[in-house]
Amino acid sequence: MIWYTAPAADWEREALPLGSGALGVMVFGTLASERLQFNEKTLWTGGPGSAQGYDFGNWRAPRPGAIAAVQEEIDTETRIGPEAVAGRLGQPRVGFGAYQTFGDLHLDVPGAPTTTPDSYRRALDLGEAVATVTYTHEQAGHQREFFVSHADHVIVGRLAAGRPGAVTCTVRYTSPRTDFTATSAGERITVRGELADNGMAFEAQLRVGHRGGSLTANADGTLTVTGADSAWFVLAAGTDYADTYPDYRGDDPHAKVTKAVDDAFGKGYATLRARHVADHRALFDRVALDIRAAVPDVSTDRLLAGYTDGASATDRALEALFFQYGRYLLIASSRPGSLPANLQGVWNQSTSPPWSADYHVNINLQMNYWLAEAANLAETTAPYDRFVEAMRAPGRRTAKEMFGSRGWVVHNETNPYGFTGVHNWATSFWFPEAAAWLTTQLYEHYRFGGSTDYLRTTAYPAMKEAAEFWLDNLRTDPRDGTLVVTPSYSPEHGDFTAGAAMSQQIVHDLFTNTLEAARILGDAPEFREQLAATLAKLDPGLRIGSWGQLQEWKADLDGPTDDHRHVSHLFGLHPGRQIEPGSRWADAAKVSLTARGDGGTGWSKAWKINFWARLRDGDHAHKMLGEQLKSSTLPNLWDTHPPFQIDGNFGATSGVVEMLLQSQYDVIEVLPALPSSWPDGSVRGLRARGGATVDIDWVAGRPTRITLTASRTRELTVRSGLLRGGEVKFKAVAGRRYTWGTKTGAS
Ligand code: FUC
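Residues numbered from 1 in each chain as written. Predicted model: local features only at pLDDT ≥ 70, side-chain atom pairs only at ≥ 80, totals over all residues. Heavy atoms only, no water.

A. Broad picture of the packing of helix α1 (residues 66-77) against helix α2 (residues 82-89). Where α1 meets α2, the axes come as close as 10 Å, and the angle between the chain directions of the two elements is 160°. Classified by the interaxial angle, the pair formed by α1 and α2 is roughly antiparallel. As for the relative orientation of α1 and α2, their crossing is right-handed in sense. Together, Ala66, Ile67, Ala69, Val70 and Glu73 of α1 and Val85, Arg88 and Leu89 of α2 make up the contact between the two elements. Looking at side-chain class alone, the contact of α1 with α2 contains six nonpolar, no polar and two charged residues. (Axes fitted to C-alpha atoms, helices over the stretch in contact; angles between N-to-C directions. Helix = DSSP H or I, 4+ residues; strand = E, 2+ residues; numbered from the N terminus. Parallel < 35°, antiparallel > 145°, perpendicular 65-115°, else oblique. Left-handed = near helix turned anticlockwise from the far one by under 90°. Contact = heavy atoms within 4.5 Å. Nonpolar A, V, L, I, M, F, W, Y, C, P; charged D, E, K, R; others polar.)

Rendered as structure tokens:
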């Protein structure tokens, strides 16, 4: 539960998020006029039909030889400043668009208290995914309840009072745009419009029910409930967006929205609530973390403000809450049937949000899904898979037109309209490695879940096509004859060079995964041989520099006082698996990470939790979790870059899992980086690669019991100090449970 003693005064810092993946709501809990800012995830300006025109980021005119000329210059000069390259390979963004707020629903409550009563409480129950606002006024208890149901595709709210007839309210829709009409008739409000920029049709419908009192449809498009015992509403919203290249338009939303709102209304409030809670709990309740936290009776903003160094039981309460909040937010912002979680999940109150609230793919979208498999929410990856699938057609055209090659590609940022080309922000526009990196999650989904069918139909086609792009685009480095990515740009840092560490490590990871998958699926031997031969000649992107650091670039250019937020050259440590703990590369990675320091934006700190956990330094991982809570977390526990950016929430939850369980080398490692400030505890329901669900109890920093439930029949290896010889390898049988140790640690 997260809770507060006052209404939210600020959307970003204080309002409480609810969501069903497609729909999102921010609850303010304001007394005289409840504000419910809401979103539908496909409501985007830009794309085909945009008033500005749209080119998918592809060069508007062919530039024959442009990339080759940059490559040749890098061969001779070794480095080129980013502005010079952006001038030659970039172009201004046109028609990219931005994620839009759908608007606000206001519930005007006449006679509500004008100051916040002492009894006021605004809460979000993470287990139920229900927000409540409660207060006492004129001797009557008042209660508001809100949720967004993925089971029924509606936003639901209810106002009730302890005294008969005490609920009076007017329901009103507003939007910062003027492109809509809102009309009311009977018990229904209909909002209908088209985005001025691209003509996208959108519609929302709301129906109000009440017990006692009366309901009036007003001429200004609002509805008023007067003197009821309780009132409730359902709201459905949609657009005519479809994720199909090249038009990205589908059916008018009217029929779908009407059906959703009417079906839900027919079910009644209690049924909708029960169906919603069951749907949410089926995902949320799978994981439980107990780190002997003591939840004090203070509001969450005070809990956050009081956080010091993680040494106390109340600090642990916040850490455990923050861990589960990441899981909550992923469930709320990524369910099948819509787009994946964007930079703000599904929540956006603006018509021009930061970075368009888009899909940045040089770290951010990938980070959003780091927790999905290991924190037992594999179903939330369906929208991501679909997004990647939908990107391949435009990405294939970009590969052909810009690079003259096979495969598919996407650069630094993308939108729901297949923007796979480039813009011209010098320090970020060039990142063709993004497609390869995006496919990593698909392969991880296979490694965790083990479905060969999924590998064959979903993961492998995207991976293979990304690999084909790099088979066609690697170039021999005249310095040493290895194959390198060029031009290569380590995200948002330094100059253009050939063979920066991250470029090489990503391609290494892609080829390694694709080769494994090709073997499993028995793809053509010629393809496998070509991949293996290319991998053998590939510069692996691992090099140790003059001060013992892992080099970010192929030449030794790293500055020991540089604290840039991107730590791209450690990709092979996390999320990759090229840098194994105990190796000299890991030692060098540690030198680099130490030099970069414990600061950074929200997502940067979150990544560092994962890095330190992979380096088996639980205390430093925990320190980074503390840094994130102290300086990159808002009172509503949203991560802040600043501004609000959800990747840090997801990255932090992933980091906590990495402290407790790792399996990237196909060995299930129990408590690989347990911090000393969590001496006793237990965790239930984490997932390991190979199809295992793992429960762990520990006392005084040592595991006392490990329970593993196998979801597939296959050989598994478990590593833990609890096991004789430190490791056990056995044939696990699907559906069976295996236990080592006892709950008390007695044997
Ligand atoms: C990447 C980061 C920025 C920001 C942006 C949305 O480009 O370098 O810090 O997170 O994405």
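B. Main features of the environment of Arg63. In this structure, Arg63 sits in the loop between β4 (33-40) and α1. Put simply, Arg63 and Glu401 are 338 residues apart on the chain and 9.2 Å apart in space, counted from C-alpha to C-alpha. Setting aside anything within four residues of it in sequence, one finds Arg63 in contact with Arg88, Leu89, Gly90 and Gln91. Within the structure, the side chain of Arg63 is placed 3.1 Å from the backbone oxygen of Gly90, a separation counted as a polar contact. (Polar contact = N/O pair within 3.5 Å; in protein donor to acceptor, adjacent residues only side chain to side chain.)

C. Up close: helix α13 (residues 584-596). For α13, spanning 13 residues, the distance from its first C-alpha to its last is 19 Å, which sits close to the expected 18 Å at 1.5 Å a residue. Phi turns positive, to about 85°, at Gly597, one or two residues after α13. (Expected span 1.5 Å × (residues − 1).)

D. Focus on helix α3 (residues 254-267). Counted at 1.5 Å a residue, the expected span for α3 with its 14 residues is 20 Å, and the 20 Å between its end C-alpha atoms agrees. Taken together, the buried positions of α3 are occupied by Val257, Ala260, Val261, Ala264 and Phe265. Down the axis, α3 shows its buried residues gathered within 120° of arc, on one side only. Those residues of α3 that are exposed and angled more than 90 degrees off the buried face are Ala255, Lys256, Lys259 and Gly266. (Buried < 20%, exposed > 50% of the residue type's maximum accessible area, 1.4 Å probe, protein only. Arc of directions from axis to C-beta.)

E. Quick look at the sheet that holds strand β13 (residues 201-211). Strand order in the open sheet formed by nine strands is β1-β6-β7-β8-β9-β16-β13-β12-β11, and the pairing between neighbours is antiparallel. Across the chains shown, the open sheet's two edge strands, defined by having one partner strand only, are β1 (2-4) and β11 (180-185). Adjacent strand axes in the sheet meet at a mean angle of 15°, parallel and antiparallel pairs treated alike. In this sheet, strand β7 (residues 130-137) lies alongside strand β6 (residues 121-125) in antiparallel orientation, the contact comprising five bridges. Of the residues in β7, the one forming a bridge with Arg121 is Thr134. (Pairing = 2+ DSSP bridges.)

F. How the structure looks around the nonpolar core. Counting residues in each nonpolar core, the largest one holds 218 residues, and the members touching the most others are Phe233, Tyr328, Phe511 and Leu660. When we break this core down by domain, the ones giving at least three residues each are domain 1 (7-45 + 98-285) and domain 2 (66-92 + 334-597). Discounting residues that sit within four places of it in the chain, Leu660 has contacts with Leu289, Glu669, Val670, Leu671, Pro672, Leu674, Trp678, Val683, Leu686, Ile696 and Trp698. Judged by nonpolar contacts, the second largest core, of 15 residues, contains Trp232, Val234, Ala264 and Tyr269. (Core = buried A, V, L, I, M, F, W, Y, C linked by side-chain atoms within 4.5 Å. Domains from an automatic or database assignment.)

G. Geometry of the site of the ligand. In the vicinity of the ligand, the residues found are Leu343, Trp355, His360, Asn362, Asn364, Glu492, Arg565, His566, Trp603, His641 and Gln645. Between an oxygen atom of the ligand and a side-chain N or O atom of His641, the distance comes to 2.6 Å. With respect to the ligand, the side chain of Gln645 contributes an N or O atom lying 2.9 Å from an oxygen atom. Protein chains shield 97% of the accessible area of the ligand, which is 290 Å² for the free molecule. When grouped by side-chain class, the residues that make up the shell around the ligand number three nonpolar, six polar and two charged. (Near = heavy atom within 4 Å. Areas by Shrake-Rupley, 256 points an atom, 1.4 Å probe, with all protein chains shown as cover.)

H. Structural view of unusual backbone geometry. Here Thr486 and Pro487 are connected by a cis peptide whose omega angle stands at -5°. Mapping Pro487 onto the fold places it in the loop between β21 (483-484) and α11 (501-521). Each neighbour pair has its own omega, and for His574 with Pro575 the value is 5°, a cis peptide bond. Mapped onto the secondary structure, Pro575 falls in the loop between α12 (525-537) and α13. Phi is positive for Thr78, close to 70°, though the residue is something other than glycine. Turning to its location among the elements, Thr78 is positioned in the loop between α1 and α2. Backbone geometry places Arg616, a non-glycine residue, at a positive phi of 65°. Mapped onto the elements of the fold, Arg616 is located in the loop between α14 (602-614) and α15 (618-631).

I. Representation of the packing of aromatic side chains within the structure. What the rule picks out here adds up to 38 aromatic pairs. Relative to Tyr417, the ring of Tyr54 has its centre 6.4 Å away and its plane inclined at 75°; by these criteria the two rings are edge-to-face. Taken as a pair, Tyr54 in the loop between β4 and α1 and Tyr417 in the loop between β19 (413-414) and α9 (434-449) lie far apart in primary sequence, 363 residues in all. With respect to class, Tyr54 is no different from Tyr417; both count as buried. Between Phe96 and Phe419, the ring centres sit 4.9 Å apart and the planes meet at 80°, which makes this aromatic pair edge-to-face. With Phe96 in the loop between α2 and β5 (103-108) and Phe419 in the loop between β19 and α9, the pair connects residues that are 323 residues apart, well separated along the chain. Look at Phe96 and you get buried, because its relative accessible area is 1%. Taken together, the ring pairs in this structure connect Phe403, Phe429, Trp430, Phe469, Trp470, Tyr489 and Phe496 into an aromatic cluster. Residue placement shows Lys464 over the ring face of Phe527; its charged tip is 4.5 Å from the ring centre. (Phe/Tyr/Trp six-rings, centres within 6.5 Å; stacked < 30°, edge-to-face > 60°. Lys NZ or Arg CZ within 6 Å of the ring centre and 35° of its normal.)

J. Spotlight on the domain arrangement of the chain. Domain annotation of the chain identifies domain 1 (7-45 + 98-285) and domain 2 (66-92 + 334-597). Of note, the centres of domain 1 and domain 2, computed from C-alpha atoms alone, are 39 Å apart. Domain 1 puts 34 residues into the contact, and the matching count from domain 2 is 33 residues. With both chains or domains summed, domain 1 and domain 2 bury close to 2800 Å², and 60% of this area falls on carbon and sulfur atoms. Considering only the surface of domain 1 that becomes buried against domain 2, Lys41, Trp44 and Leu283 emerge as the three largest contributors, covering 26% of it. Run the count over domain 1 and domain 2 and you get two salt bridges. Residue Arg335 pairs with Asp279 through a salt bridge whose shortest N-O separation is 3.1 Å. Viewed at the interface, domain 2 and domain 1 are joined by 18 residue pairs in polar contact (both at pLDDT 80 or more). Every element with two or more residues in the side of domain 1 that touches domain 2 is listed here: β2 (16-19), β3 (23-27), β4 and α4 (269-284). No other element matches the four residues that β3 contributes to the side of domain 1 that touches domain 2. (Buried area = accessible area lost by both parts, 1.4 Å probe. Salt bridge = Lys/Arg side-chain N within 4 Å of Asp/Glu carboxyl O.)

K. Looking closely at the pattern of salt bridges. On inspection of all chains with the given rule, the structure shows 52 salt bridges. In this structure, the salt-bridge partner of Asp262 is Arg207, at a minimum N-O distance of 2.8 Å. Within this pair, whereas Asp262 is found in helix α3, its partner Arg207 is found in strand β13, the two being separated by 55 residues in sequence. According to the relative accessible area criterion, Arg207 is buried, its value standing at 13%. Linking Asp697 and Arg705 is a salt bridge whose minimum nitrogen-to-oxygen distance equals 3.8 Å. Asp697 gets classed as buried once you look at its relative accessible area, which sits at 8%. One network of salt bridges, with partners in common, ties together Asp477, Arg479, Asp480, Asp539, Arg543 and Lys554.

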